Amino acid sequence: MPAYDANNIFAKIIRGEMPSYKVYENDKVMAFLDIMPRAPGHTLVLPKAPARNILDIAPDDLVAVALAAQKVAKAVVKVFNADGVTVQQFNEGAGGQVVFHLHLHVIPRKNGVPMKPPASEKEKPDVLSDHALKLAAALKDT
Ligand code: 5GP
């Protein structure tokens, strides 16, 4: 497996060098909106520590990401009045991974509504801002 590259886009977001629509943060984890959502509210949950994917993440960071993903899943279902939620995570190019800092996709789902294809359309900034505000409010104090 290739080494972790500290210049990947998510590492830059975690370091505050690039902007994001942040919805949740604790000492080990950060969650922000996917800018090309497969459904409204599509959120990414990441460890702050460097990890390429499930093959190299430290166990305690993986636990922290899983626990945060559950909080985010509950919040997206509530805020987007969803009927369900899809959680996805890809590993290496062969596994469908494009950005090589581990992340869980948390995607609210409605009955009968298919997800858009991956990275098909960039959402408008005002829509992302609105969704991030609502999710951050739902996640506050969780
Ligand atoms: P994966 O690596 O799991 O295949 O997917 C990477 C995800 O990152 C895609 O869903 C894509 O839409 C998202 N993405 C790519 N570039 C950016 C970015 O600059 N900011 C955010 N928030 N998401 C991004």
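Quick note: structure is the one above.
Cut-offs used in this document
- Residues numbered from 1 in each chain as written.
- Predicted model: local features only at pLDDT ≥ 70, side-chain atom pairs only at ≥ 80, totals over all residues.
- Heavy atoms only, no water.
- Near = heavy atom within 4 Å.
- Polar contact = N/O pair within 3.5 Å; in protein donor to acceptor, adjacent residues only side chain to side chain.
- Areas by Shrake-Rupley, 256 points an atom, 1.4 Å probe, with all protein chains shown as cover.
- 1 Å grid on protein atoms, 1.4 Å probe; cavity = no way out; pocket = protein on both sides within 12 Å on 5 of 7 lines; lining within 4 Å.
- Sits in = over half its atoms within 2 Å of the grid points.
- Nonpolar A, V, L, I, M, F, W, Y, C, P; charged D, E, K, R; others polar.
- Pairing = 2+ DSSP bridges.
- Helix = DSSP H or I, 4+ residues; strand = E, 2+ residues; numbered from the N terminus.
- Axes fitted to C-alpha atoms, helices over the stretch in contact; angles between N-to-C directions.

Draft legend 1. Region of the structure containing the site of the ligand. Surveying the vicinity of the ligand reveals 15 residues, the closest of which are Leu33, Asp34, Val98, His103 and His105. Within the backbone of Val99, an N or O atom sits 2.9 Å from an oxygen atom of the ligand. A distance of 2.7 Å is found between an oxygen atom of the ligand and a side-chain nitrogen or oxygen belonging to His105. Relative to its unbound accessible surface of 520 Å², the ligand loses 86% to contact with the protein. Cavity membership is defined here by more than half of the atoms lying within 2 Å of grid points; on that basis the ligand lies in the largest pocket. Residues that form the shell around the ligand fall into these classes: 10 nonpolar, 4 polar and 1 charged.

Draft legend 2. Region of interest: the sheet that holds strand 2 (residues 29-33). Reading across the sheet, the 5 strands line up as 1-2-3-5-4 and stay open at both edges, with antiparallel pairing between neighbours. The open sheet has two edge strands with one neighbour each: strand 1 (22-25) and strand 4 (84-88). Adjacent strand axes in the sheet meet at a mean angle of 20 degrees, parallel and antiparallel pairs treated alike. Bridge count for strand 1 against strand 2 is 3 bridges, and the pairing is antiparallel. Bridge assignment links Glu25 to a residue of strand 2, and that residue is Met30.

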